[in-house]
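Here's the letter readout for the chains.
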Amino acid sequence: MKIQIEKYQKSGQRFLLFVPKVSDLKNTLETIESFSEIKGLSVHAADPERKSKVQQMRDRKIQFLVTTTILERGVTFPGIDVIILGADNQIFSVNAIVQIAGRVGRNKDRPSGLVLALIEEKTQVLIRASRQIRFMNEKGLKQLNNVQ
């Protein structure tokens, strides 16, 4: 994770970093701040400043958000990358991983990007999610080619 975040510091690339539990937010944010100067915040469902923090990301006032699955759907930040810390954790279902990965590539100027799943072990959930993402990407590419 450190190497990737250092790349983001150099490039200015914006990203979402998903963690399994609310209790992981503070430590993860503090760890990033210990070796990097990029500006980010953490956010979760019960965060009273949730809307403000999401708006700061939209307004490009911060480069990243450390978040729980609250941002897996229903929000778009054009041109972002995604890191899933502990993607092999039970909290991340196939649908959750697919939705999280779907945050990437939502911009015609940057139609692709990085989805980095950091794991301790390869699970069936990750394998199924990966297959579903590949299938949907291939299907989308075929539809795009048929339109052009």
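Look above for the structure.
Residues numbered from 1 in each chain as written. Predicted model: local features only at pLDDT ≥ 70, side-chain atom pairs only at ≥ 80, totals over all residues. Heavy atoms only, no water.

Undergrad: How should I be thinking about the nonpolar core in this particular structure?
TA: One recurring pattern in soluble globular proteins is that nonpolar side chains are buried together. With 23 residues, the main nonpolar core has Leu16, Phe18, Leu65, Leu71, Phe77, Val82 and Ile84 as its most contacted residues. For this core, the secondary-structure elements that each account for two or more residues are strand E1 (15-18), strand E2 (40-43), helix H3 (50-58), strand E4 (81-85), helix H4 (94-101) and helix H5 (124-147). The element that contributes the greatest number of residues to this core is H4, accounting for 4 residues. Residue contacts for phenylalanine 18: discarding those within four places in its chain leaves Thr67, Thr68, Thr69, Leu71, Glu72, Val82, Ile83, Ile84, Leu85, Phe92 and Ile100. (Core = buried A, V, L, I, M, F, W, Y, C linked by side-chain atoms within 4.5 Å. Buried < 20%, exposed > 50% of the residue type's maximum accessible area, 1.4 Å probe, protein only. Helix = DSSP H or I, 4+ residues; strand = E, 2+ residues; numbered from the N terminus. Contact = heavy atoms within 4.5 Å.)

Undergrad: In this structure, what is going on with the layout of surface pockets? I would like to understand it.
TA: In this structure, the largest pocket occupies an estimated 770 Å³ of space. If you go around the largest pocket, you meet 26 residues; those closest to its centre are Ala101, Gly102, Val104, Ile133 and Asn137. If you list the elements that add at least two residues to the lining of the largest pocket, you get H4, strand E5 (115-118) and H5. Counting residues per element, the lining of the largest pocket draws most heavily on H5, at 11 residues. Among the residues making up the lining of the largest pocket, the classes are represented as 14 nonpolar, 9 polar and 3 charged. (1 Å grid on protein atoms, 1.4 Å probe; cavity = no way out; pocket = protein on both sides within 12 Å on 5 of 7 lines; lining within 4 Å. Points joined across faces, edges and corners; volume = space filled by probe spheres on them. Nonpolar A, V, L, I, M, F, W, Y, C, P; charged D, E, K, R; others polar.)

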